[in-house]
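# Observations on chain architecture
Spelled out from the first residue to the last, the chains are:
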Amino acid sequence: MDAIDLRLLELLQRDASLTNQTLAERAGVSPATALRRVKALQERGVIEAQVALLNPAAFASLLTALVEITLDRQGAEHLEAFERRAVAFDAVQQCYRTSPGPDFLLVIQVPDMDAYAALAQQLFTQDANVRNVKAFFAVKRAKFRPSLPLPPAR
């Protein structure tokens, strides 16, 4: 990736709704160049998706849980099996395998505590391989920035 690709990515991470014309102007390239490069970045998998980020305050009630999961057996097949189960739930917004410490860290978003309890029953309690669950419930979101730090241009 060169400096132009990195600039396009920086701009898109801030606001993916920019028109191609505006994106090109801000990146200092022609619209055709911007379009071609963004398409190439998408085809290479550098840009996974373009989504709308919703403001949680716009919804009546949301509960965010940060959950540490430790499995009883940590063999590759057991880790993969739990991961497949976890990511199948829409409420599981992020799933990380971690080391050291717990085997997984999940970020879960549900409407309320009843919904969390139902999810916990399905995902944690019914899985005989889950040894320990430690949940932390967010009381305030101080920062949320779903962007990656980009390397300096070469």
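One structure accompanies this document, and this report is about it. Bear in mind the structure is a predicted one, so any value in this text is a computation, not a measurement. (Residues numbered from 1 in each chain as written. Predicted model: local features only at pLDDT ≥ 70, side-chain atom pairs only at ≥ 80, totals over all residues. Heavy atoms only, no water.)

Since the α-helix advances by 3.6 residues per turn, residues separated by three or four positions end up pointing in the same direction. Within helix H2 (residues 20–27), the full set of buried residues consists of Leu23, Ala24 and Ala27. One side of H2 holds all its buried residues, which, seen down the axis, span an arc of 100°. Remark: Gly28 follows H2 within two positions and exhibits a positive phi of approximately 75°. (Buried < 20%, exposed > 50% of the residue type's maximum accessible area, 1.4 Å probe, protein only. Helix = DSSP H or I, 4+ residues; strand = E, 2+ residues; numbered from the N terminus. Arc of directions from axis to C-beta.)

In space, the four strands of this open sheet follow the order E2-E3-E1-E4, with antiparallel pairing throughout. Here the strands that pair on one side only, and so sit at the sheet edges, are strand E2 (92–97) and strand E4 (130–137). Taking the axes of each pair of neighbouring strands and ignoring which way they run, one obtains an average angle of 20° across the sheet. Pairing between E2 and strand E3 (residues 104–110): five bridges, direction antiparallel. For Tyr96, the partnering residue across the bridge sits in E3 and is Leu105. Set on the sheet, helix H4 (residues 76–87) makes contact with strand E1 (63–71), E2, E3 and E4; between it and E2 the angle comes to about 165°. Its contacts with the sheet place helix H5 (residues 113–125) against E1, E2, E3 and E4, and it is angled at close to 140° to E3. (Pairing = 2+ DSSP bridges. Axes fitted to C-alpha atoms, helices over the stretch in contact; angles between N-to-C directions. Contact = heavy atoms within 4.5 Å.)

Following the criterion strictly, the structure yields six salt bridges and no others. Between Asp2 and Arg37 there is a salt bridge, with its nearest N and O atoms 2.8 Å apart. Taken as a pair, Asp2 in the segment before helix H1 (3–14) and Arg37 in helix H3 (residues 31–43) lie far apart in primary sequence, 35 residues in all. Accessibility expressed as a relative area gives 31% for Asp2, which makes it partly exposed. We note a salt bridge from Arg14 to Glu10, for which the minimum N-O separation is 2.4 Å. Of this pair, Arg14 and Glu10 both sit in helix H1, four residues apart, roughly one helical turn. Judged by relative accessible area, Glu10 falls into the partly exposed class, the value being 29%. Salt bridges sharing common partners tie together Asp2, Asp5 and Arg37. (Salt bridge = Lys/Arg side-chain N within 4 Å of Asp/Glu carboxyl O.)

Moving on, we get to the packing of H4 against H5. At their nearest, the axes of H4 and H5 sit 10 Å apart, and the two run at 160° to each other. Here H4 lies roughly antiparallel to H5, going by the angle between them. Of the two possible hands of crossing, H4 and H5 adopt the one that is right-handed. Where H4 approaches H5, its residues Phe82, Arg85 and Ala86 are matched on the opposing element by Gln122, Leu123 and Phe124. (Parallel < 35°, antiparallel > 145°, perpendicular 65-115°, else oblique. Left-handed = near helix turned anticlockwise from the far one by under 90°.)

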